[in-house]
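Survey of secondary and tertiary structure
The lines below spell out each chain.
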Amino acid sequence: MTDRAPQPVDRQLPTEESRDLLALVREIAQREIRPVAADEEDAGKFPRAIFTLLSEAGLLGLPYAGEHGGGEQPYEVYLQVLEELAAARLTVGLGVSVHSLACHGLAGYGTEEQQKAHLPAMLGGGLLGAYCLSEPASGSDAASLTTKAVREGDDWIITGTKAWITHGGVADFYTVLARTGGEGPKGITAFLVPGDAQGLTAAVPEKKMGMKGSPTAQLHFDGVRVPDTRRIGEEGQGFTIALAALDAGRLGIAACAIGVAQAALDEALTYALDRKQFGHPIADFQGLRFMLADMATKIEAGRALYLAAARLRDAGKPFSRQAAMAKLFCTDAAMAVTTDAVQILGGYGYTADFPVERLMREAKVLQIVEGTNQIQRMVIARHLAGPESH
Ligand SMILES: Cc1cc2nc3c(=O)[nH]c(=O)nc-3n(C[C@H](O)[C@H](O)[C@H](O)COP(=O)(O)OP(=O)(O)OC[C@H]3O[C@@H](n4cnc5c(N)ncnc54)[C@H](O)[C@@H]3O)c2cc1C
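Predicted model, so just to flag it, every value in this text is computed and none were measured. (Residues numbered from 1 in each chain as written. Predicted model: local features only at pLDDT ≥ 70, side-chain atom pairs only at ≥ 80, totals over all residues. Heavy atoms only, no water.)

Regarding the environment of glutamate 56
Counting through the fold element by element, glutamate 56 comes out in helix H2 (residues 48-56). A sequence separation of 309 residues divides glutamate 56 from valine 365, and the C-alpha atoms of the two residues are 29 Å apart. (Helix = DSSP H or I, 4+ residues; strand = E, 2+ residues; numbered from the N terminus.)

Notes on the UniProt feature "domain: Acyl-CoA dehydrogenase/oxidase C-terminal" (unreviewed entry) in the protein chain
When the UniProt feature table is mapped to this numbering, "domain: Acyl-CoA dehydrogenase/oxidase C-terminal" (unreviewed entry) covers residues 236-384. Measuring from the first to the last C-alpha atom of residues 236-384 gives 27 Å, for a span that is 79% helix and 3% strand. (UniProt positions renumbered as here; feature names shortened; annotations may be inferred.)

Details of the pairing of strand S1 (residues 129-132)
Burial along S1 is two-sided: the residues Gly129 and Tyr131 and Ala130 and Cys132 are all buried. In this structure, S1 lies alongside strand S4 (residues 173-179), joined through four bridges in parallel fashion. Paired with alanine 130 across the two strands is tyrosine 174, which belongs to S4. (Buried < 20%, exposed > 50% of the residue type's maximum accessible area, 1.4 Å probe, protein only. Pairing = 2+ DSSP bridges.)

As for the environment of isoleucine 380
Of note, isoleucine 380 is situated in helix H11 (residues 373-385). Sequence spacing of isoleucine 380 and glycine 169 is 211 residues, and the spatial spacing of their C-alpha atoms is 34 Å. Those residues within four positions of isoleucine 380 in sequence are excluded, and the remaining contacts are Arg321, Ala324, Met325 and Leu328. (Contact = heavy atoms within 4.5 Å.)

Comments concerning the UniProt feature "domain: Acyl-CoA oxidase/dehydrogenase middle" (unreviewed entry) in the protein chain
Within the UniProt annotation, "domain: Acyl-CoA oxidase/dehydrogenase middle" (unreviewed entry) is assigned to residues 130-224. With 0% helix and 48% strand, residues 130-224 has end C-alpha atoms that lie 16 Å from one another.

Description of the packing of aromatic side chains
Throughout the structure, instances matching the rule amount to seven aromatic pairs. Relative to phenylalanine 285, the ring of phenylalanine 278 lies with its centre 6.2 Å away and its plane at 80°, an arrangement referred to as edge-to-face. Of the residues examined, phenylalanine 278 reaches a relative accessible area of 77% and is grouped as exposed. Each member of the aromatic cluster is reached from another via a ring pair, and the members are Tyr271, Tyr348 and Phe354. It is arginine 313 that lies over the ring of tyrosine 75; its NZ or CZ is 4.0 Å from the centre. (Phe/Tyr/Trp six-rings, centres within 6.5 Å; stacked < 30°, edge-to-face > 60°. Lys NZ or Arg CZ within 6 Å of the ring centre and 35° of its normal.)

Considering the environment of leucine 54
By the secondary structure assignment, leucine 54 is in helix H2. Of the residues examined, leucine 54 reaches a relative accessible area of 0% and is grouped as buried. Through-space distance from the C-alpha of leucine 54 to that of valine 96 is 8.8 Å; in sequence the pair is 42 residues apart. For leucine 54, the residues in contact, after removing those within four places along its chain, are Ile28, Leu59, Leu60, Leu85, Val92 and Val96.

A look at the domain arrangement of the protein chain
Each assigned domain of the protein chain is listed here: domain 1 (16-124), domain 2 (129-236) and domain 3 (240-385). With 22 residues of domain 1 at the interface, the matching set in domain 3 holds 30 residues. Of the roughly 2200 Å² buried between domain 1 and domain 3, counting both surfaces, carbon and sulfur atoms make up 66%. Among the residues domain 1 hides against domain 3, the three largest losses belong to Tyr75, Glu83 and Leu90. Together they make up 28% of the total. Taken together, domain 1 and domain 3 are joined by three salt bridges. (Domains from an automatic or database assignment. Buried area = accessible area lost by both parts, 1.4 Å probe. Salt bridge = Lys/Arg side-chain N within 4 Å of Asp/Glu carboxyl O.)

Quick look at the layout of surface pockets
A water-sized probe rolled over the atoms picks out the places where empty space is left. Computed from the structure, the largest pocket encloses a volume of approximately 1400 Å³. Taken together, 47 residues form the lining of the largest pocket, with Ile368, Val369, Glu370, Gly371 and Thr372 sitting closest to its centre. Elements that contribute at least two residues to the lining of the largest pocket include exactly helix H4 (90-109), S1, strand S3 (155-166), helix H6 (238-274), helix H10 (356-366) and H11. Examining the composition of the lining of the largest pocket, we find that eight residues originate from one element, H6, more than from any other. Here the lining of the largest pocket is composed, by residue class, of 25 nonpolar, 12 polar and 10 charged. (1 Å grid on protein atoms, 1.4 Å probe; cavity = no way out; pocket = protein on both sides within 12 Å on 5 of 7 lines; lining within 4 Å. Points joined across faces, edges and corners; volume = space filled by probe spheres on them. Nonpolar A, V, L, I, M, F, W, Y, C, P; charged D, E, K, R; others polar.)

Below you can see the structure in the form of structure tokens.
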């Protein structure tokens with residue numbers, strides 16, 4: 001097994017503060033996250049203590065405003081933090097991205113009162129969040145969701161089942177999209193539900209191909225009562241809130257994908273320089289040198305694409321099309337790069353003695369979550385064809 005620490009990525013960062021931040025994240029990743037990643041993923045162990053540590057270090061609220069405990073970092077910095085965390089362990093990088101997704105609704109659409117009451121604990125008080133949009137029969141067609149919220153006096157009663165929820169059963173709060181009106185996107189409202197709400201139960205986590213340390217579970221809402229003060233935004237505004245979060249979240253997935261791909265390239269390169277066949281390091285053979293060159297090029301291109309989208313967002317410009325492109329390109333790149341990394345390690349790449357087979361299994365899920373890559377192509381094509389197209 002190779003234990004050489006990967007060389008730091010040569011990053012473009014806007015300030016001295018952001019360079020220090022990335023150095024801190026790399027240190028935490030190398031010291032606390034990377035060394036236990038393989039064993040804990042193998043054992044399916046959720047690294048709750050790591051999330052507590054990240055919260056204490058101010059890394060769970062990075063892209064949010066400082067007045068409620070956020071880190072006030074631009075997306076171009078936040079995403080590079082996610083990339084470093086995901087390179088060390090996807091369960092952590094993706095977990096931070098999902099937590100951020102769960103905070104997005106309240107931070108963007110909550111009242112001042114709600115933000116004051118909840119955001120400090122969510123952004124830096126040790127709480128961990130989850131985002132509940134998908135259901136067993138409503139995945140890509142998310143606007144067809146059927147979980148219901150019915151008004152009863154000053155409360156809402158939520159009933160239904162959410163599916164595939166990252167941090168399902170371990171989260172302290174859930175941002176939940178539920179139907180309060182008629183069919184379609186306009187009948188959906190967002191709620192902030194505490195993790196210990198009565199009537200809320202989590203199923204046994206799914207047995208997944210990868211990211212086994214990250215619990216993914218169905219959540220059952222059996223008449224869960226939440227006060228109207230936990231409604232986020234207006235009645236019927238939930239789908240808009242959900243999609244806005246997903247635009248930002250897709251950039252998080254893109255950054256995580258590049259982290260996974262970078263980790264695979266680092267492993268493949270280290271191995272290829274060391275392993276000898278025919279009297280030479282296999283890195284001397286042009287067949288592999290060209291593979292390594294293609295892998296590195298995909299990674300650089302993906303990083304440039306997600307950063308371009310992030311900089312649009314940071315400048316307050318529309319970035320939805322570019323976010324979909326970044327998610328599509330970076331996750332396909334991660335799948336290709338991790339598959340090639342397994343090839344470069346030959347038979348050893350196919351064993352659990354080296355991390356590349358795990359990275360390949362992890363890359364796969366990134367082509368599926370937060371809108372499959374088919375859905376990203378639909379989003380991009382819709383933007384190209386204009387707002388009236390489907
Ligand atoms: C590990 C994991 C974690 C997840 N975490 C969360 C979470 O935290 N919160 C949450 O809400 N959800 C989460 N999800 C759910 C995820 O977002 C959905 O799996 C995804 O949106 C796809 O939905 P589906 O699985 O129902 O597939 P389906 O929508 O049934 O799609 C099946 C296939 O059909 C394709 N397809 C569907 N419609 C079209 C179309 N119009 N054109 C072309 N192809 C199409 C899809 O691309 C896919 O290949 C998670 C999923 C996984 C696997």
